[in-house]
Amino acid sequence: MIEATLADLRQSATFFKTNQVVHIVNGRKKEDIGYFVPNILKNKFEAFLIDLEKDEKRKLLKRVASASAKDVVGDGTVDDGIK
């Protein structure tokens with residue numbers, strides 16, 4: 001991984017020819033801004049993001065199922081079948 005500043009982005013001709021992930025920081029404030037992922041790594045990065053989203057959805061569904069299981073079903077209502 002390469003570290004670059006915002007000033008380096010002005011030299012975009014050389015900046016965008018990289019084949020590594022670039023960590024972009026604000027040179028003055030020394031704050032993280034983000035990452036640049038080159039086209040070479042696009043497919044792998046998109047697959048990683050899809051897996052990350054699936055994990056987040058799975059965690060949320062587990063929380064919903066857990067909360068539903070703890071919810072008492074009263075008279076005249078129908079159970080949702082989640083156990």
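Residues numbered from 1 in each chain as written. Predicted model: local features only at pLDDT ≥ 70, side-chain atom pairs only at ≥ 80, totals over all residues. Heavy atoms only, no water.

### Focus on the side chain of His-23
Reasoning step 1: Turning to its location among the elements, His-23 is positioned in strand E2 (residues 22-26).
Reasoning step 2: Side-chain polar atoms of His-23 contact the side chain of Asp-32, separated by 2.9 Å. (Helix = DSSP H or I, 4+ residues; strand = E, 2+ residues; numbered from the N terminus. Polar contact = N/O pair within 3.5 Å; in protein donor to acceptor, adjacent residues only side chain to side chain.)

### Some details on the side chain of Asn-26
Reasoning step 1: Mapped onto the fold, Asn-26 is located in strand E2.
Reasoning step 2: Look at Asn-26 and you get buried, because its relative accessible area is 17%.
Reasoning step 3: In this structure the side chain of Asn-26 is engaged in a polar contact, spanning 3.2 Å, whose partner is the backbone nitrogen of Arg-28.
Reasoning step 4: Those residues in contact with Asn-26, other than ones at most four positions away along the chain, are Leu-6, Glu-31 and Ile-33. (Buried < 20%, exposed > 50% of the residue type's maximum accessible area, 1.4 Å probe, protein only. Contact = heavy atoms within 4.5 Å.)

### Looking at the pairing of strand E3 (residues 31-36)
Reasoning step 1: Of the pairings in the sheet, the one linking E2 to E3 comprises five bridges and is antiparallel in character. When the bridges of E3 are listed, Val-25 appears paired with Asp-32.
Reasoning step 2: The loop that links E2 with its antiparallel partner E3 comprises four residues; one of these, Lys-30, has a positive phi angle of about 55°. (Pairing = 2+ DSSP bridges.)

### Quick word on the confidence of the model for the protein
Reasoning step 1: Overall, the predicted model of the protein reaches an average pLDDT of 83, with 84% of residues at or above 70.
Reasoning step 2: Within the protein, the lowest mean pLDDT, 72, falls on helix H2 (residues 12-15), and the highest, 91, falls on helix H3 (residues 42-70). (pLDDT = per-residue confidence, 0-100.)

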